[in-house]
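If you want the building blocks of each chain, they are given just below.
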Amino acid sequence: MGNTIQVKDKTFAVSIPQEKILSEVKRVAAEINRDYAGKEPVFLAVLNGSFVFAADLLREVDIPCEISFVRLASYQGVSTTGEIREIMGLSVDVTNRPVIIVEDIVDTGLTMAHMLETLKKHNPSSVDICTLLLKPGKLQINLDIRYCCLQIPNDFIVGYGLDYDGYGRNTKDIYTLVQ
Ligand code: 5GP
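Since the model is a prediction, treat every value here as computed from it, not as a measurement.

J.: Explain the pairing of strand β7 (residues 126-134) here, please?
T.: Each regular strand shows side chains that alternate between the opposite faces of the sheet. Burial of β7 is extensive: seven of the nine residues sit out of reach of the surface. Pairing between strand β6 (residues 98-106) and β7: eight bridges, direction parallel. Considered in β7, the bridge of Ile100 is made with Asp128. With respect to chirality, the unit in which β6 leads through helix α3 (residues 110-120) into the neighbouring parallel β7 is right-handed. With four bridges joining them, β7 and strand β8 (residues 147-151) adopt parallel strand pairing. In the sheet register, Leu134 faces β8, and the bridge partner there is Gln151.

Here it is as structure tokens:
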């Protein structure tokens, strides 16, 4: 089938086409442009998965801002390990500045909760979460997500920056695992 791909040992089918992703990214960027006008936010993109989303989002943001990158990981293969490791720390001073976290996907929400806790120690003036994808059915904690492009079912997805075992990040569309 033309709309399936093979990533290592697994088959994935297109679930969100590029046009849909980009229109939602533009919608969220417009919300940020409106809400953060005059505030000069610092975007903190969570590597690796958010690199494509961050690149598209930031090019739609037209207010003065900075972007920096942090690295966290909680996934190995297709299931969560429950362990969250901070691999790379903050390289920008966020003291008294509004921060927008840019994440690829919120699943259980544990990664974001950890990130919020870590960030608080650096005394930002405010923190908002901006995620490309949210699996509401998997959320384990009460998380205030101000900006969300798309809500998806509980299935495992790849593409547009998201990987399966390191592969599959380099697609324009988003794909869902075929069981
Ligand atoms: P959480 O801590 O919210 O459970 O997990 C967030 C992280 O898990 C994301 O940043 C992402 O790296 C990974 N993740 C969660 N669901 C998926 C998925 O469906 N596909 C991929 N590739 N990664 C996922």
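J.: Sorry, what's going on with the environment of Ile21 here?
T.: Within the secondary structure layout, Ile21 lies in helix α1 (residues 18-35). For the pair formed by Ile21 and Asp56, sequence separation is 35 residues and the distance between their alpha carbons is 9.9 Å. Residues in contact with Ile21, not counting those within four places in the same chain, are Ile16, Leu132, Leu150, Tyr160, Lys172, Asp173 and Ile174.

J.: Any chance you could explain the packing of aromatic side chains here in plain terms?
T.: To describe a pair of aromatic rings, you give the distance between the ring centres and the angle between the ring planes. Following the criterion strictly, the structure yields three aromatic pairs and no others. Taking 6.4 Å as the distance between ring centres and 50 degrees as the angle between the ring planes, the aromatic pair formed by Phe12 and Phe156 counts as tilted. Pair noted here: Phe12 is in strand β2 (residues 10-16) and Phe156 is in the loop between β8 and β9 (157-158), with a separation of 144 residues, a long-range link. Note on accessibility: Phe12 and Phe156 belong to one class, buried. Judged by centre distance (6.2 Å) and plane angle (50 degrees), the rings of Phe12 and Tyr164 are tilted. You can see Phe12 sitting in strand β2 and its partner Tyr164 sitting in the loop between β9 and β10 (174-177), a full 152 residues away along the chain.

J.: Got a minute to help me understand the site of the ligand in this structure?
T.: What surrounds the ligand is a group of 17 residues, the closest being Thr108, Thr111, Lys135, Ile157 and Asp163. Measuring from an oxygen atom of the ligand, one finds a side-chain N or O atom of Thr111 at 2.4 Å. Note that an oxygen atom of the ligand is positioned 2.8 Å from one of the side-chain N or O atoms of Lys135. In the complex, the protein chains occlude 92% of the 510 Å² of accessible area that the ligand would expose alone. Those elements that place two or more of their residues in the shell around the ligand are β4 (66-76), β6 and α3. Broken down by element, the shell around the ligand gets its largest block of residues, four residues, from β6. Classifying every residue of the shell around the ligand gives seven nonpolar, four polar and six charged.

J.: Help me understand the side chain of Ser50 in this model?
T.: Within the secondary structure, Ser50 sits in the loop between β3 (42-47) and α2 (51-58). Among the polar contacts made by the side chain of Ser50, one reaches the main-chain carbonyl oxygen of Val46 at a distance of 2.7 Å. Ignoring any residue separated from it by four or fewer positions in sequence, one finds Ser50 in contact with Ala45, Val102, Glu103 and Asp104.

J.: Help me out: how do you make sense of the sheet that holds strand β1 (residues 4-7) in this one?
T.: Remark on secondary structure: sheet strands pair via backbone hydrogen bonds, oriented parallel or antiparallel. Overall, antiparallel pairing links the four strands, which are arranged β1-β2-β10-β9 in an open sheet. The open sheet has two free edges, formed respectively by β1 and β9, since each of these has just one partner strand. Pairing analysis gives two bridges linking β9 to β10, with the strands arranged antiparallel. Bridge pairing in β10 links Ile157 to Thr176.

Cut-offs and rules
Residues numbered from 1 in each chain as written. Predicted model: local features only at pLDDT ≥ 70, side-chain atom pairs only at ≥ 80, totals over all residues. Heavy atoms only, no water. Buried < 20%, exposed > 50% of the residue type's maximum accessible area, 1.4 Å probe, protein only. Helix = DSSP H or I, 4+ residues; strand = E, 2+ residues; numbered from the N terminus. Pairing = 2+ DSSP bridges. Right-handed = clockwise from strand over helix to strand, strands pointing away. Contact = heavy atoms within 4.5 Å. Phe/Tyr/Trp six-rings, centres within 6.5 Å; stacked < 30°, edge-to-face > 60°. Near = heavy atom within 4 Å. Polar contact = N/O pair within 3.5 Å; in protein donor to acceptor, adjacent residues only side chain to side chain. Areas by Shrake-Rupley, 256 points an atom, 1.4 Å probe, with all protein chains shown as cover. Nonpolar A, V, L, I, M, F, W, Y, C, P; charged D, E, K, R; others polar.

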